[in-house]
Amino acid sequence: ISFHQDPQGLWIADLDTTVLFRDGQGASLSRMSNPIHASLKQEEYDQVLKNGVVSLSATMEAPENAVRLRLVVRDLATGMIGSVDLPIVVIESGG
């Protein structure tokens, strides 16, 4: 992920993200795309440089028979793309 510093001193990264949900046979069930505008203060940016980690979180509803998802991220500044396949973890709500 590439960052640039804006006139206010914040470190900015703009990303496009897509999540694809898949069933047990690998068939695509649904897809969601969202832009992300990350804006970090200097201290937060220093932590990213030190640890090499940018942490983002999202809550989404997966289709009923989805067992895996693929997250695709594209850096708008560089055009670089990365992806990761992950198992879906279901958290049962109490009540």
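A brief report on the enclosed structure follows. Position numbers for residues start from 1 in each chain and track the written sequence from start to end. Reporting of local features is limited, given that this is a predicted model, to residues whose pLDDT is at least 70; pairs of side-chain atoms are given and counted only at 80 or more, and all residues count toward the totals for whole chains, interfaces and linings. Each side-chain value is worked out from all heavy atoms of the structure, with water and hydrogens disregarded.

## Here's the deal with the side chain of Asp23
Line of reasoning, step 1. Each helix corresponds to a stretch of at least 4 residues labelled H or I by DSSP, and each strand to a stretch of at least 2 residues labelled E; elements are numbered beginning at the N terminus. Tracing the backbone shows Asp23 in the loop between strand E2 (11-22) and strand E3 (28-40).
Line of reasoning, step 2. Of the polar contacts made by the side chain of Asp23, one reaches the backbone nitrogen of Ala27; its length is 2.9 Å.
Line of reasoning, step 3. Among all residues touching Asp23, those that are not within four sequence positions of it are Leu29, Asn65 and Val67. Residues adjacent in sequence count toward polar contacts only when both atoms are side-chain atoms; beyond that, a polar contact is any pair of N or O atoms within 3.5 Å, and within protein one must be able to donate a hydrogen and the other to accept it. By definition in these notes, contact holds between two residues if any of their heavy atoms fall within 4.5 Å.

## Focus on the pattern of salt bridges
Line of reasoning, step 1. Within this document, salt bridges are pairs made up of a side-chain nitrogen of Lys or Arg and a carboxyl oxygen of Asp or Glu, the two lying within 4 Å of each other. Tallying each qualifying case throughout the model produces 2 salt bridges.
Line of reasoning, step 2. For Arg74, the salt bridge identified is with Asp16, shortest N-O distance 3.1 Å. Of this pair, Arg74 sits in strand E4 (residues 68-75) while Asp16 sits in strand E2, and the two are 58 residues apart along the sequence.
Line of reasoning, step 3. Only protein chains enter the accessibility calculation, which uses a 1.4 Å probe; a residue is then buried when its area is under 20% of its type maximum, exposed when over 50%, and partly exposed in between. Exposure remark for Arg74: the relative accessible area of 33% places this residue in the partly exposed category.
Line of reasoning, step 4. For Asp85, the salt bridge identified is with Arg70, shortest N-O distance 2.7 Å. Within this pair, whereas Asp85 is found in strand E5 (residues 81-87), its partner Arg70 is found in strand E4, the two being separated by 15 residues in sequence.

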